[in-house]
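# An overview of the molecular structure
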Amino acid sequence: MAAGLTLADVDLLDHDLFAEREPWDVFELLQREAPVHWQAGPEPGDGFWNVTRYDDVVHVLKNARLFSSEANGAAQIEWMEPDVLEARRNFMETDAPRHTAWRRQFARDFTPRAVAAYEDTIRRLTVQTIDAALARGDELEFVHDIAAVIPIRALGHMLGVPEEHLDRLVALGDRMIIDTDPEIAHVLAGSPEAEEFKYLPFGSEAAVEMSALGRPMLHARRTKPTDDVLSILANMRIDDALLDDVALDNNFALFVVAGNETTRQGMALGLLQLIENPWAMDALRADPALYPTAVDELLRLASPVWHFRRTATADTEIRGVRIAAGQRVVVWFAAANRDPDAFADPHRMVLTRKRDEHAAFGRGGPHFCLGAHLARLELTVMLQELLARVGRIEVIAPPRRLRSNFTNGLKELRIRVERA
Ligand code: HEM
C-alpha cells in the first residue's frame with residue numbers, strides 16, 4: 001500500500017490514479033475500513049457510494065428494482081441530466097419490464113451454443129492476425145497488433161458489419177469509451193468542448209460518424225433482413241413499434257463499445273498476467289483441459305471493467321450504511337474480484353479456481369454481460385493459437401496504461417517472443 005494512504009485520500013474520479021497503476025491498495029483500504037464508502041463530489045449532494053466488497057456488489061446487481069439502471073444510467077459515475085439521459089438511452093439503461101423485452105430479442109444470438117457456431121471463423125481470423133504479427137518479427141506491440149484486431153472482427157461477423165468498416169469502427173469506439181485519455185479522445189469528457197456532443201450516444205463527438213456508418217446498414221436490414229444481430233436490432237419491436245433512428249444509433253454504439261475494448265483488455269491484461277506467471281503458460285500447454293477455468297481466472301485478475309453505476313430507487317441499507325433514494329451507487333467489479341472474503345489469496349493466480357464466480361462480467365443480475373460467452377471464446381482461441389506458436393514471452397518496455405477509471409487496460413504492451 002502507498003505509505004500513509006487514508007480514506008481522506010481516496011478519489012476514485014481521479015483517472016490519473018488508474019493510469020499510474022491498478023490501485024489494489026486503495027480498494028483494500030476501502031474493503032477494510034469503508035466497504036460502503038461515500039465519496040463527496042464538488043457540489044453539495046453530488047457525491048456517490050463506492051461498493052467494493054464482492055457480496056455487496058452482487059447484492060446491488062441482483063436487486064435491480066432497488067438499484068436501477070433506468071433512473072439515471074447504468075455505467076458512468078457522472079450524474080446525467082434527464083434530457084441527456086433520454087437522448088442517449090440504450091437498452092442497458094433500462095429496467096424490467098422494458099429491459100427484459102429488449103434483452104430477450106438478442107439473447108438467442110449470444111448463448112454458448114450460438115456463439116460456438118462462430119468458433120471456426122474466430123479461429124481463422126485469430127490465426128491470420130497472430131501470423132501476420134509474428135511475420136513482422138519477434139518484437140510486437142501486443143495491444144495494437146493482436147488484441148485490438150480480433151474482437152472487432154469477431155463482433156463484426158456477429159453484427160453483420162462488412163470488413164471494410166471495421167478499422168474505422170474500432171477507432172470511433174475507442175474515442176467513445178476512452179474519453180478521458182488525451183492520447184485517444186479527440187474531445188475530453190467534461191471539457192467545455194464536450195458540451196456540444198452531450199445529446200449524442202455516449203456524449204461523444206465520434207458518435208456523428210458512427211451513426212453515419214451504422215444507420216444505412218440498419219435501414220438496409222429493414223428491407224432485406226439477414227440472420228445477423230443488426231437485423232435483430234433493425235427489426236425488433238418495442239411497445240409494438242420499430243425503433244426510431246436515435247434508438248438505432250444508441251444501441252448500435254452500445255454493441256460496438258461493449259464488445260471491443262473490454263475483450264481487447266481481457267486479452268492484453270490476461271496475457272500480461274500469464275507473462276508474470278510463466279508456470280501458468282506451461283500448465284496450459286501441458287493440460288489444455290485447464291482452459292475453461294484458466295480463462296475465467298485471467299478475467300478475474302484482469303477485470304477489464306472497473307465499475308458500473310446504479311441509482312437507488314428507495315431508501316435502503318448496505319452493511320448497515322444508510323443509502324437514500326436517488327443516490328448513486330458505484331459497484332467496483334475489479335475490487336470485488338480481489339475480495340479476500342470471496343477469493344482466498346485473491347492476488348494469486350489459481351488456474352483451477354471455480355469457473356464463473358467472478359464479477360468481471362457482472363454477477364447474478366439481469367444485465368449480466370450479454371457477450372460473456374463470445375468474449376471467453378475469443379480469449380481462449382487467442383491464447384491457444386498464440387501459445388502454440390511461441391515459447392517464452394517477455395515484456396520489453398513498461399506497459400502503458402489507459403487513463404480511465406472505467407476501462408482497466410493497456411494502450412501499449414511491448415513484448416518479445418521466442419519461437420516455439
Ligand atoms: C472480456 C470482455 C468483456 C467484459 C469484461 C464485459 C463486461 C461487462 C460488464 C461488467 C457488464 C455489466 C454487467 C452488469 O451490469 O451486471 C456488461 C454488460 C454488457 N456487455 Fe459485456 N463485457 C465483455 C465483452 C462483451 C462482448 C464481446 C459483448 C458483445 C456484444 C458485450 C456486450 C455487452 C452488453 C450488450 C451488455 C449490457 C447487457 C444488459 O444490460 O443487459 N460484452 N459487460
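Above this text sits the structure in question.
The following refers to the structure shown. In this text the structure is predicted, and so the values were computed from the model without any measurement.

Analysis parameters
- Residues numbered from 1 in each chain as written.
- Predicted model: local features only at pLDDT ≥ 70, side-chain atom pairs only at ≥ 80, totals over all residues.
- Heavy atoms only, no water.
- Helix = DSSP H or I, 4+ residues; strand = E, 2+ residues; numbered from the N terminus.
- Contact = heavy atoms within 4.5 Å.
- Areas by Shrake-Rupley, 256 points an atom, 1.4 Å probe, with all protein chains shown as cover.
- Lys, Arg positive; Asp, Glu negative; His and termini not counted.
- Charge placed at Lys NZ, Arg CZ, Asp CG, Glu CD.
- Phe/Tyr/Trp six-rings, centres within 6.5 Å; stacked < 30°, edge-to-face > 60°.
- Buried < 20%, exposed > 50% of the residue type's maximum accessible area, 1.4 Å probe, protein only.
- Lys NZ or Arg CZ within 6 Å of the ring centre and 35° of its normal.
- Donors = N, O, S within 2.8 Å, 3.2 Å for Na, K, Ca; no water.
- Axes fitted to C-alpha atoms, helices over the stretch in contact; angles between N-to-C directions.
- Parallel < 35°, antiparallel > 145°, perpendicular 65-115°, else oblique.
- Nonpolar A, V, L, I, M, F, W, Y, C, P; charged D, E, K, R; others polar.
- Pairing = 2+ DSSP bridges.

## Let's talk about the overall build of the protein chain
Helices and strands together make up the secondary structure of the protein chain, namely 17 helices and 14 strands. For the protein chain, restricting intrachain contacts to residue pairs at least 6 apart in sequence, the fraction spanning at least 24 positions comes to 70%. On the protein chain, roughly 17500 Å² of surface is accessible, and the fraction owed to carbon and sulfur atoms is 53%. In the protein chain, the 48 positive side-chain charges and the 65 negative ones have mean positions that sit 4 Å from each other.

## Section: the packing of aromatic side chains
Tallied over the entire structure, the rule returns 16 aromatic pairs. Ring geometry for Phe91 and Phe106: centres 5.3 Å apart, planes at 40°, overall tilted. Placement of the pair is Phe91 in the loop between helix H4 (82-88) and helix H5 (98-107) and Phe106 in helix H5, with a sequence separation of 15 residues. The exposure classification of Phe91 matches that of Phe106, with both residues buried. In this structure an aromatic cluster arises from ring pairing among Phe18, Trp24, Phe27, Trp306 and Trp332. Between Arg300 and the ring centre of Phe343, over which it is positioned, the NZ or CZ distance is 5.0 Å.

## A word on the coordination of the iron atom of the ligand
Its sole protein donor being Cys369 (SG), the iron atom of the ligand sits 2.3 Å from that atom. Assignment of secondary structure puts Cys369 in the loop between helix H16 (333-336) and helix H17 (372-389).

## Let's talk about the packing of helix H13 (residues 245-276) against helix H14 (residues 278-286)
In the contact formed by H13 and H14, the axes pass within 4 Å of each other and the chain directions differ by 100°. It follows that H13 is roughly perpendicular to H14 by the angle criterion. For the pair H13 and H14, the contacting residues are Leu274, Ile275 and Glu276 in the first and Pro278, Ala280, Met281 and Leu284 in the second. Per-class residue counts for the contact of H13 with H14 are 6 nonpolar, no polar and 1 charged.

## A word on the sheet that holds strand E3 (residues 67-68)
In spatial order, the strands read E1-E2-E10-E7-E3; together these 5 strands make up an open sheet with mixed pairing. Strand pairing shows two members of the sheet lacking a second neighbour, strand E1 (36-39) and E3, which therefore form its edges.

## Observations regarding the sheet that holds strand E14 (residues 414-419)
Strand order across the open sheet formed by 3 strands is E4-E14-E11, with antiparallel pairing between neighbours. Each edge of the open sheet is held by one strand with a lone partner, namely strand E4 (139-141) and strand E11 (390-395). For this sheet, the mean inter-axis angle between neighbouring strands, taken without regard to orientation, is 30°. In this structure, E4 lies alongside E14, joined through 3 bridges in antiparallel fashion. In the sheet register, Glu141 faces E14, and the bridge partner there is Arg414.

On their own, these measurements won't tell you what the molecule is for.
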